[in-house]
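The residues making up each chain are set out below.
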Amino acid sequence: MTTDPNRSTDMNLLHENLARAQQAARLGEAQQSRRGHELARALRLSRKAERAAQQARLALARAL
């Protein structure tokens, strides 16, 4: 049985490349998830601000 050092190195490089690709994919998914959470939070805060503005308009209209 002969072992080819080039083949062994190539296999190690393949495994490293696969690990890098998987890590990059997970990082991309995490970033996308974070952006989604940030967008949802911004929408909630926007609705809250709009409700507060509407309440302020109503309070002003009642005061007049």
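Residues numbered from 1 in each chain as written. Predicted model: local features only at pLDDT ≥ 70, side-chain atom pairs only at ≥ 80, totals over all residues. Heavy atoms only, no water.

## A closer look at the overall build of the protein
Put simply, the rule is: For helices the rule is a DSSP run of H or I covering at least 4 residues; for strands it is a run of E covering at least 2, with both sets numbered from the N terminus onward. Note on method: radius of gyration uses C-alpha positions; expected globular size equals 2.2 Å times residues raised to 0.38. Working definition: with a 1.4 Å probe on protein chains only, accessible area under 20% of the residue-type maximum means buried, over 50% means exposed, and in between means partly exposed. In short, Shrake-Rupley with a 1.4 Å probe defines the accessible areas, and a residue's cover is counted only from the protein chains shown. The charge count treats Lys and Arg as positive and Asp and Glu as negative. His and the chain ends do not count. We put the charge of a Lys on NZ, of an Arg on CZ, of an Asp on CG and of a Glu on CD.
Scanning the protein from terminus to terminus reveals 1 helix and 0 strands. Relative to a compact globule of 64 residues, whose C-alpha radius of gyration would be 11 Å, the protein shows 28 Å and is clearly more extended. In terms of principal-axis extent, the alpha carbons of the protein reach across some 95 × 10 × 5 Å. The burial tally for the protein puts 0% of its 64 residues in the buried class. Of the roughly 6200 Å² of accessible surface on the protein, 57% is carried by carbon and sulfur atoms. Put simply, the protein has 12 plus and 6 minus side-chain charges, and the middle of one group is 21 Å from the middle of the other.

## Quick notes on a positive patch on the surface
Put simply, the rule is: Exposure above 30% relative accessible area and the absence of a salt bridge qualify a residue for a patch, where like charges join within 9 Å and nonpolar side chains (Val, Leu, Ile, Met, Phe, Trp, Tyr) within 5 Å. We define a salt bridge as a side-chain nitrogen of Lys or Arg found within 4 Å of a carboxyl oxygen belonging to Asp or Glu.
A contiguous patch of positive charge on the surface is contributed by Arg 41, Arg 44, Arg 47, Lys 48 and Arg 51. Mapped onto the secondary structure, Arg 44 falls in helix H1 (residues 5–63). By relative accessible area, Arg 44 is classed as partly exposed at 48%.

## A closer look at the environment of Arg 62
Note that Arg 62 resides in helix H1. Sequence spacing of Arg 62 and Arg 26 is 36 residues, and the spatial spacing of their C-alpha atoms is 54 Å.

By themselves, these observations are geometric and do not establish any function.
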